[in-house]
Amino acid sequence: MPMRAAAHTFNWIPWAGGRNEKLDLDRILAEVREAGYEAVEFSRADFELADPARSRRLLEKHSLVLSGMSFSYKGQPGQWQQLKDHARALADMGGKVAVFFDTTDWKVVGPAGLDSGLSGPAEAAEAFAEHCARLGLIVSFHNHLRTNLETLAQIDNIIPRLNRSGFCLDTGHLIAVKADPVDVIRRYGAKINHVHLKDSAFKPDGSFLDFVELGTGNHSWRVDDWLEALRGVGYDGWLTLEQDRTRTTPLESAKANREWLRKRGV
């Protein structure tokens, strides 16, 4: 199956928050569809999870596949059960991929301070993947700024240790830490089971500024090379467009990203 495009609902959350607008899942899904996407990834936000049955009906109304949902683990007491409950909600809504983040301060918390008895990021992802497998879900560990899977050194340490879970490659977060997505794709292609495709802008001093529409970043990496590298390793999953912020509207950014991909055969 060829790679296909999905949009992330988080694109709408900061934009609505900055305008004190209520988040309306029906409207967001309508705009995702209008922009030309076949699928959507949820943020695990209250407006998505308050009524999973309604969310599933809205997905069906707009003919959208639920390609995945974010799961942020912070090592807080009781949170492990919450992740399991939300995994059930993802399965009930027809989703397939649990996109896992870990921001736990393991040096402070330690396994004795966790109700799950975990010992580190890789172990947490693997334990979550074992649970999710019983629900027909797969887990994908997301490289992300300010998490335990941020730098290339952390990727090299953690990704080879994953067996039940896979790797959610995020191109924007990779180049934000000056890592080459093509190199990472070629090295860990067999582990990649989900992709967040985004471009990045940098300040004049070379530090990260923001995520931007595909092809509009001011850096030396070629976004086209990322697609070719993914094809080269046989990746055939979703390409999720998660821009986070927009300089216009979420709909216009979603359309621009979709058109960029369409011109490249996605």
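Scroll up for the structure.
The notes below deal with the structure included here. (Residues numbered from 1 in each chain as written. Predicted model: local features only at pLDDT ≥ 70, side-chain atom pairs only at ≥ 80, totals over all residues. Heavy atoms only, no water.)

1. A few points about the side chain of Asn-257
Cut-off, in case you're wondering: Helix and strand definitions follow DSSP, with helices as H or I runs of at least four residues and strands as E runs of at least two, each counted in order from the N terminus. Throughout, exposure labels follow a simple rule: accessible area from a 1.4 Å probe, protein chains only, divided by the maximum for the residue type, with under 20% read as buried, over 50% as exposed, and the rest as partly exposed. Between N or O atoms, a polar contact is any pair within 3.5 Å; within protein, one atom must be a potential hydrogen donor and the other a potential acceptor, and residues adjacent in sequence are included only when both atoms are from side chains. The contact criterion used throughout is that any non-hydrogen atoms of two residues lie within 4.5 Å.
As for its placement among the helices and strands, Asn-257 is situated in helix 12 (residues 250–262). Relative accessible area serves as the criterion here: at 4%, Asn-257 is assigned to the buried category. A distance of 2.8 Å separates a polar side-chain atom of Asn-257 from the backbone nitrogen of Leu-214. When neighbours within four sequence positions are excluded, Asn-257 is seen to be in contact with Tyr-37, Glu-213, Leu-214, Leu-241 and Gln-243.

2. A look at the nonpolar core
Where we set the bar: We call a set of buried Ala, Val, Leu, Ile, Met, Phe, Trp, Tyr and Cys residues a nonpolar core when their side-chain atoms join them within 4.5 Å.
Grouped together as the largest cluster of nonpolar side chains are 77 residues, with contacts concentrated most on Phe-128, Leu-239 and Leu-261. Residues contacting Leu-261, with those up to four places away along its chain left out, are Ala-5, Leu-197, Leu-214, Leu-227, Leu-239, Leu-241 and Val-266.

3. Some details on the pattern of salt bridges
Convention followed: Whenever Lys or Arg places a side-chain nitrogen within 4 Å of a carboxyl oxygen from Asp or Glu, that contact is recorded as a salt bridge.
Evaluation of the coordinates by the stated rule reveals 18 salt bridges. Asp-156 is paired through a salt bridge with Arg-187; the nearest N and O atoms lie 2.6 Å apart. Of this pair, Asp-156 sits in helix 8 (residues 152–158) while Arg-187 sits in helix 10 (residues 181–188); the two residues are 31 residues apart in sequence, bridging distant segments of the chain. What makes Asp-156 partly exposed here is its relative accessible area of 29%. One salt bridge connects Arg-245 with Asp-210, and the closest N-O pair in it is separated by 2.9 Å. Here the residue Arg-245 occupies a position in the loop between strand 10 (238–241) and helix 12, and Asp-210 occupies one in strand 9 (residues 208–212), the gap between them amounting to 35 residues. Owing to a relative accessible area of 21%, Asp-210 belongs among the partly exposed residues under this scheme. Each of the salt bridges in this network shares a partner with another, and the network as a whole consists of Glu-21, Arg-27 and Glu-31.

4. Considering the sheet that holds strand 6 (residues 166–170)
What counts is decided by this rule: In this analysis, strands are considered paired if DSSP registers two or more bridges between them. Every angle, taken between N-to-C directions, lies between 0 and 180 degrees, and every axis is a line fitted to C-alpha atoms, over only the stretch in contact when it is a helix.
Read once around its circumference, the closed barrel built from eight strands follows the order 1-2-3-4-5-6-7-10, with strand pairing classed as parallel. Pairs of neighbouring strands in the sheet enclose a mean axial angle of 30 degrees, with direction left out of account. Across four bridges, the pairing between strand 6 and strand 7 (residues 192–196) is parallel. Residue Asp-170 lies in a different strand from strand 7, and its bridge partner there is His-196. Contacting strand 3 (65–73) and strand 4 (97–102), helix 5 (residues 79–92) crosses the sheet at an angle of about 180 degrees to strand 3.

5. Digging into the packing of helix 2 (residues 25–34) against helix 4 (residues 52–61)
The condition that has to hold: Orientation labels follow simple angle bins: below 35 degrees gives roughly parallel, above 145 gives roughly antiparallel, 65 to 115 gives roughly perpendicular, and whatever is left gives oblique. For any pair of crossing helices, the crossing counts as left-handed if the nearer helix is rotated counterclockwise from the farther one by less than a right angle, and right-handed if it is rotated clockwise.
The interhelical angle for the contact between helix 2 and helix 4, taken along N-to-C directions, is 30 degrees, at an axis separation of 10 Å. It follows from the interaxial angle that helix 2 and helix 4 lie roughly parallel. With respect to the hand of their crossing, helix 2 and helix 4 are arranged in right-handed fashion. Where helix 2 abuts helix 4, its residues Leu-25, Asp-26 and Leu-29 lie against Arg-54, Ser-55, Leu-58, Leu-59 and Lys-61.

6. What about the state of the cysteines?
Working definition: the covalent bond between the sulfur atoms of two cysteines is a disulfide. Put simply, the test is: Pairs of cysteine sulfur atoms within 2.5 Å are what we label disulfides.
Summed over all chains, the structure comprises zero disulfides. Just so you know, Cys-168 is unpaired, no disulfide at all, and the nearest cysteine sulfur is the one on Cys-132, 14 Å from it. Overall, Cys-168 belongs to the buried group, its relative accessible area being 0%.

7. Re unusual backbone geometry
For Arg-44, which is not a glycine, the phi torsion comes out positive at approximately 65 degrees. With respect to the helices and strands, the residue Arg-44 is situated in the loop between strand 2 (39–42) and helix 3 (46–49). The class for Arg-44 is buried, based on a relative accessible area of 16%.

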